[in-house]
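Architecture and fold: a report
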Amino acid sequence: FIDFSHTLGYTGMPDLITVNSPNKSTQFWVIARNFSGLLLLASAFIYPNSYSKLLTKSVLLTITISLSIFIFLAITFYQSELPRTYIVGIGLTPLKKYAEYFSIFLYFLCFIAYFRRFQLTFNKTIIYFLSAFIVSIFSELVFVGYQSVFDTYNVLGHIYKIIAYYLIYNGIFVATINLPYNKLRKVNQKINGEISRHLIAKENLSKSLREKETLIKELYHRTK
């Protein structure tokens with residue numbers, strides 16, 4: 001939602017409630033990057049089997065939506081009272097650059113935390129996240145140096161960001177969709193294999209019983 005507000009708040013887009021400006025869209029961008037960096041870092045310490053009353057879906061969703069709405073209202077209606085991140089004719093403010101460096105630091109911590117998680121779980125889907133963090137670091141480095149919101153560096157940074165989130169999407173998709181179905185398929189294959197072996201054993205037993213029954217009948221007739 002914050003990234004979407006960043007897009008709609010861009011100079012050249014129809015005004016998003018209040019007048020759009022490079023500072024407005026950049027403020028949305030800075031908060032979105034740091035917000036996502038903090039959440040990704042926190043996610044590294046939440047495991048599938050972990051349980052907490054504070055980690056329920058309803059609680060997390062309520063907090064996330066509330067924060068997003070608060071950020072949207074603050075930047076939209078109180079932009080002039082917030083620290084500036086971009087000045088037309090000058091470029092990025094020191095605050096914006098420091099915020100980008102902080103994002104880089106967060107993604108670096110994310111890489112360390114997820115790499116540690118990979119060492120503990122050997123979950124190969126984590127490689128997607130590790131790759132995404134590396135690309136995100138390059139993206140933030142590019143965003144430190146641009147002068148105009150329409151220059152080549154800015155476009156390149158967005159391309160890096162698309163690649164990073166595509167990798168994160170793949171990691172989540174593989175972990176939550178593909179991986180469980182693959183495990184279920186392996187379990188089904190194992191069960192089917194056991195059933196097949198039991199059926200073969202049953203058939204062999206029935207065949208053996210029939211052969212013995214035939215042999216007993218033959219011996220009986222011969223004895224008689």
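Conventions used here
Residues numbered from 1 in each chain as written. Predicted model: local features only at pLDDT ≥ 70, side-chain atom pairs only at ≥ 80, totals over all residues. Heavy atoms only, no water. Patch = residues over 30% accessible without salt bridge, like charges linked within 9 Å, V, L, I, M, F, W, Y side chains within 5 Å. Areas by Shrake-Rupley, 256 points an atom, 1.4 Å probe, with all protein chains shown as cover. Salt bridge = Lys/Arg side-chain N within 4 Å of Asp/Glu carboxyl O. Lys, Arg positive; Asp, Glu negative; His and termini not counted. Charge placed at Lys NZ, Arg CZ, Asp CG, Glu CD. Helix = DSSP H or I, 4+ residues; strand = E, 2+ residues; numbered from the N terminus. Buried < 20%, exposed > 50% of the residue type's maximum accessible area, 1.4 Å probe, protein only. 1 Å grid on protein atoms, 1.4 Å probe; cavity = no way out; pocket = protein on both sides within 12 Å on 5 of 7 lines; lining within 4 Å. Points joined across faces, edges and corners; volume = space filled by probe spheres on them. Nonpolar A, V, L, I, M, F, W, Y, C, P; charged D, E, K, R; others polar. Polar contact = N/O pair within 3.5 Å; in protein donor to acceptor, adjacent residues only side chain to side chain. Contact = heavy atoms within 4.5 Å.

1. Describing a positive patch on the surface
There is a patch of like positive charges on the surface, built from Lys124, Lys183, Arg185 and Lys186. Structurally, Lys186 is set in helix H6 (residues 152-223). Here Lys186 falls in the exposed class, since its relative accessible area comes to 56%.

2. Some words on the layout of surface pockets
A volume near 190 Å³ is recorded for the second largest pocket. Forming the walls of the second largest pocket are Phe1, Ile2, Asp3, Phe4, Ala32, Arg33, Phe35, Ser36, Leu39, Thr64, Ser68 and Tyr165. Among the elements that line the lining of the second largest pocket, the one with the most residues is helix H2 (residues 22-43), at five residues. Here the residues of the lining of the second largest pocket are counted per class, giving seven nonpolar, three polar and two charged.

3. A few points about the environment of Thr125
In this structure, Thr125 sits in the loop between helix H4 (94-121) and helix H5 (126-145). Distance in space between the C-alpha atoms of Thr125 and Asn170 is 8.3 Å, their sequence separation being 45 residues.

4. Side note on the side chain of Asn20
Along the chain, the position of Asn20 falls in the loop between helix H1 (2-8) and H2. Among the polar contacts listed, one links the side chain of Asn20 to the backbone oxygen of Leu8, at a separation of 2.9 Å. Residues contacting Asn20, with those up to four places away along its chain left out, are Leu8, Gly9, Tyr10, Met13, Pro14 and Asp15.

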